[in-house]
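Geometric and topological summary
Letter by letter, the chains look like this.
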Number of protein chains: 2
Amino acid sequence: MPLSDFDQRRNNILRLIVEAYVATAAPVGSEFIARKLRPAVSSATIRNVMSELEAMGYVEQPHTSAGRVPTERGYRFYVDAVMDQRRLPSDQLQQLAVAIEPGELDVAQLLERAGIALAELTQLGVFVVAPTVRHSKVRQIELVPLSVRKLLCVLIANEELIASHVVELEQPLSREEASALARFLNEELGGQPFEGLIDSLQRRLLAESDSFYYMVKRSLDILQHALSTEPSERLLWEGTSYLVAQPEFAGHPRRTHDLLRGLDTQAPLVERLRQDLAGRGVHVRIGHEIALPHLEACSYVTASFGIGPAAIGGIGVLGPTRMDYPQVRATVEATARCVTELLTRWEQGW
Amino acid sequence: MPLSDFDQRRNNILRLIVEAYVATAAPVGSEFIARKLRPAVSSATIRNVMSELEAMGYVEQPHTSAGRVPTERGYRFYVDAVMDQRRLPSDQLQQLAVAIEPGELDVAQLLERAGIALAELTQLGVFVVAPTVRHSKVRQIELVPLSVRKLLCVLIANEELIASHVVELEQPLSREEASALARFLNEELGGQPFEGLIDSLQRRLLAESDSFYYMVKRSLDILQHALSTEPSERLLWEGTSYLVAQPEFAGHPRRTHDLLRGLDTQAPLVERLRQDLAGRGVHVRIGHEIALPHLEACSYVTASFGIGPAAIGGIGVLGPTRMDYPQVRATVEATARCVTELLTRWEQGW
DNA sequence: ATTAGCACTCTATCTAAATGAGTGCTAATG
DNA sequence: CATTAGCACTCATTTAGATAGAGTGCTAAT
């Protein structure tokens, strides 16, 4: 359904309000819009449209004689239907590529760099949900005896993910036993997802009373210890200082404190992010849509990255609700694409 | 040299000023001190002593008709000569032990927990300088072939420190070669500090043209790659939100921003901390003594922890210059001791 | 439907005065 | 001679009132 001329103009005015407010953080008056809008109309007309927008719940007034400020619904509509999809300027794309490129071979470091670059570009907070072995599949498992009762269990997953854990053994394990066990593990478990490993071994332990019983039992002991301390996601943060410099927080110690507290205790946020990152593509959550009490004054834009089509992690920008959505969106998307490209090229090098 | 009665009283008044200011963050007047000081004297006498303290540079007035505020010199004198060494109340010690104890076998996690507990107890910022393999000695090196041209190099150091790096090989390495190389590495390098490993191998490469040349050359390639991305220290942060809630920062967005920026870019701070942590014992740095422009409004209290007598890392509290030094000192010291005890007991389990 | 004009509202800013906490000085005291 | 009561003085903070100005909503004209 095409937009009527009126709707067209209404949307344009909403766009101007949002963009002016994003730029200045001050309520936007009709006079200001009248000077910008093409085709030009008088400020009185703008006022009429503005009260229409207010009736629709897209803007509101801090007080009777102030200009308009976008509501969360307003931002939502702006993001969904009004803003134009910007592409990242090529110089910034360049900057991004340079910042990430320097080819040290470590996913975690690559992601950290990407995060820093993204924070730099957007001047906002950045989080990276980094993949860990847990959500991936067994490529190889190595058991390195450290002493008779201690073992280093090295879990190697696809996507260059590695975790190692020291496991304290209840019964001593000889060097030969260890390598036999490792061989067993790799033959039996190779390619299986780490996530279900314990369950599947436990089932097998019950079902089977065969010659492998001992092997399964010992594997279970070791992997249970090793996986119990292995997080399913790691969250990186960058650019906190940019974030608190935003006017939304600068003058509001309480809000700043809330924000940082929300960042200190990451668990609920990770949970929320996981949902958004499940599908590929860019997601925008605005204000209360985040549904975390500490982050009500914020919005975020996320994109997942991966290897080829499979998503293995995500990166996003957290800022005040009043943020430059077109720019942030473009930058987040470009960063995620950049990371995906690098990881994919890399994976092919295996 | 014993203190004269006058010096005694002067110091007591300084103590009261510091402690009142720490508690309230407001300048301290003579009347207030007069009510607290025993043996009691009039506020006029206090005023005389106060101007004496001011002449000595221990306190100052924000403006002519305000009470006194301790200067950095004042805090320094207080910490060195006036404050009494408090011991941590046993319930808090208990809380600390419980928070750290839960026996998962991972130095990094232990330290993170200790950091969180310390931040909780002091309601201030906490940093932990965590040890990494680099500053320790070779216990074992394992080479796990991932493909013909990729190798996982696992560095195991004393103190349960482990690092693993994927190394891309220029020339293929067979499984047998890899295990031969690992054997060679362990025989030749075991017990040596990781720090000087590259140098010593390089020297050996020049000196020696014997049958080991090939082995040394390949080891060098691998270790160079593996160690180049290995940091010499890892810095953990906790409790940022407590810190910015302090009145020093709450109303001062610029200072808050500076602080967070100082925490974002850690390198200079780590350098400074390294010096303080070299010797065991507790160190206090006050304001400009930190000599980092972003942290001028702060002080910190550090203590090193280790295994037995050897220091391997440090933990500390960062707060506003106006902090409760006796309490923070006691808490930091107790935490460091707790960690040391745990690590030592643990190490003996090897 | 649009717009010029205008009365109205409400915040932000400014000024002036009152308040009060705290000092330094002086003279009296044991 | 250290101590103290008394007092004038200073200066940040608070309070109140007046002013300015930005922006609106409404009305009547086009």
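The coordinates are above.
These lines cover the structure that appears in this document, whether it is placed above or below. The structure displayed is predicted, hence computed values, not measured ones.

Rules used in this analysis
- Note that residues are indexed from 1 along each chain, following the sequence as it is written.
- Chains and ligands are labelled by the order in which they are written, letters from A for the one and numbers from 1 for the other.
- Totals for whole chains, interfaces and linings use all residues, but because this is a predicted model, local features are given only for residues with pLDDT of at least 70 and pairs of side-chain atoms are given and counted only at 80 or more.
- To get the side-chain values, take all heavy atoms of the structure and skip hydrogens and water.
- To qualify as a helix, a DSSP run of H or I must reach at least 4 residues; to qualify as a strand, a run of E must reach at least 2; elements of each kind are numbered from the N terminus.
- Think of it in three bands: residues with accessible area under 20% of the maximum for their type are buried, residues over 50% are exposed, and the middle band is partly exposed, with areas taken using a 1.4 Å probe on protein chains only.
- Note on definitions: a residue-residue contact is assigned when non-hydrogen atoms from the two residues lie within 4.5 Å.
- Put simply, buried Ala, Val, Leu, Ile, Met, Phe, Trp, Tyr and Cys residues joined by side-chain atoms within 4.5 Å make one nonpolar core.
- Note on terminology: near, applied to a residue and a molecule or strand, indicates that one of the residue's heavy atoms is within 4 Å of it.
- Distance and chemistry together define a polar contact, namely a pair of N or O atoms within 3.5 Å, with one atom able to donate a hydrogen and the other to accept it when in protein, and with adjacent residues in sequence counting only for side-chain atoms on both sides.
- Any residue that is not Ala, Val, Leu, Ile, Met, Phe, Trp, Tyr, Cys, Pro, Asp, Glu, Lys or Arg is counted as polar, Gly included; the first ten are nonpolar and the last four charged.
- Interaxial angle, 0 to 180 degrees, is taken between N-to-C directions of lines fitted to C-alpha atoms, where a helix line uses only the stretch in contact.
- Angle categories: roughly parallel below 35 degrees, roughly antiparallel above 145, roughly perpendicular from 65 to 115, and oblique for all the rest.
- Two helices that cross are described as forming a left-handed crossing if the nearer one is turned anticlockwise from the farther one by less than a right angle, and a right-handed crossing if clockwise.
- By convention in these notes, a salt bridge is any Lys or Arg side-chain nitrogen within 4 Å of a carboxyl oxygen on Asp or Glu.
- If DSSP finds at least two bridges between two strands, the strands pair.
- When the copies are superposed, the least-squares fit takes in the C-alpha atoms of residues with a pLDDT of at least 70 in both.

This part takes up the environment of B:Q224. All names here are of chain B. By the secondary structure assignment, Q224 is in helix α9 (residues 213-228). With a relative accessible area of 32%, Q224 lands in the partly exposed category. Residues Q224 and L93 lie 131 residues apart in sequence; the distance between their C-alpha atoms is 44 Å. The contacts of Q224, once residues within four sequence positions are left out, are I198 and Q202.

Looking now at the nonpolar core. By size, the foremost hydrophobic cluster in this structure holds 164 residues, and its most contacted members are A:L318, A:Y325, B:L318 and B:Y325. When neighbours within four sequence positions are excluded, B:L318 is seen to be in contact with B:L124, B:G125, B:F127, B:W237, B:L243, B:L259, B:L263, B:L295, B:C298, B:S299, B:Y300 and B:M323. Core analysis: the next-biggest nonpolar cluster, separate from the first, contains 31 residues, B:L143, B:C153, B:V167 and B:I198 among them.

Moving on, we come to the protein's contact with DNA strand C. Taken together, 21 residues form the shell around DNA strand C, and within it A:R9, A:S42, A:T45, A:S65 and B:S30 come nearest. In the interface set of DNA strand C, defined as its atoms within 4 Å of the protein, sugar plus phosphate atoms amount to 77%. With respect to DNA strand C, the side chain of A:T64 contributes an N or O atom lying 3.5 Å from a phosphate oxygen. In the model, a phosphate oxygen of DNA strand C is placed 2.7 Å from a nitrogen or oxygen of the B:S30 side chain. For the surface near DNA strand C, the secondary structure elements donating two or more residues are α3 (43-55) of chain A together with α3 (43-55) of chain B. In terms of residues, the surface near DNA strand C owes the most to one element, α3(A), which gives four residues. Partitioning the surface near DNA strand C into residue classes produces five nonpolar, twelve polar and four charged.

Residue and element names in this part refer to chain B. Where helix α8 (residues 197-207) meets α9, the closest approach of the two axes is 10 Å, and the angle between their N-to-C directions is 155 degrees. Classed by the angle they form, the pair α8 and α9 counts as roughly antiparallel. For the element pair α8 and α9, the recorded crossing hand is left-handed. In contact with L197, I198, L201, Q202, R204 and L205 of α8, α9 contributes Y213, V216, K217, S219, L220, L223, Q224 and L227. Along the lines of polarity and charge, the residues of the contact of α8 with α9 split into nine nonpolar, three polar and two charged.

Next up on the list: the packing of helix α5 (residues 90-100) of chain A against helix α14 (residues 325-348) of chain A. Residue and element names in this part refer to chain A. Close contact between α5 and α14 brings their axes to 10 Å; oriented N to C, the two are set at 40 degrees. Taken together, α5 and α14 sit at an angle that is classed as oblique. When the axes of α5 and α14 are compared, the crossing they make is right-handed. Residues L93, L96, A97 and I100 of α5 lie in contact with α14, whose contacting residues are A334, T335, C338, V339 and L342. In the contact of α5 with α14, the residues fall into eight nonpolar, one polar and no charged.

The next subject is the pattern of salt bridges. All names here are of chain A. Applying the stated criterion across every chain, the model contains 32 salt bridges over all chains. With its nearest N and O atoms 3.7 Å apart, the salt bridge here joins R10 to E52. Here the residue R10 occupies a position in helix α1 (residues 5-24), and E52 occupies one in helix α3, the gap between them amounting to 42 residues. Of the residues examined, R10 reaches a relative accessible area of 11% and is grouped as buried. Put simply, D7, R10 and E52 are held in one network by salt bridges that share partners.

So, on to the side chain of B:S219. All names here are of chain B. Secondary-structure assignment places S219 in helix α9. In terms of polar contacts, S219 uses its side chain to reach the backbone carbonyl oxygen of M215, at 2.7 Å. The residues touching S219, leaving out its near neighbours within four places in the chain, are L181, F184, L185 and L201.

All names here are of chain B. Judged by pairing direction, the sheet is antiparallel, and its three strands sit side by side in the order β4-β5-β6 without closing on themselves. Only two strands of the sheet have a single neighbouring strand rather than two, namely β4 (138-147) and β6 (162-168). For this sheet, the mean angle separating the axes of adjacent strands, direction not counted, is 20 degrees. Summarising the sheet, β4 and strand β5 (residues 150-157) pair through eight bridges and their orientation is antiparallel. Directly across from E142, in β5, lies its bridge partner V154. Sheet strands in contact with α9 are β4, β5 and β6, and its direction is about 70 degrees off that of β5.

Another aspect to go through is the relation of the copies chain B and chain A. Overlay of chain B on chain A (RMSD 0.1 Å): rotation 180 degrees, translation along the axis 0.0 Å. In short, the pair behaves as if placed about a two-fold rotation axis. No C-alpha of chain B lies nearer the rotation axis than that of B:G251, which sits 3.5 Å from it. Comparing interface residues between copies, 100% of those in chain B also lie at the interface in chain A; the contact surface is shared.

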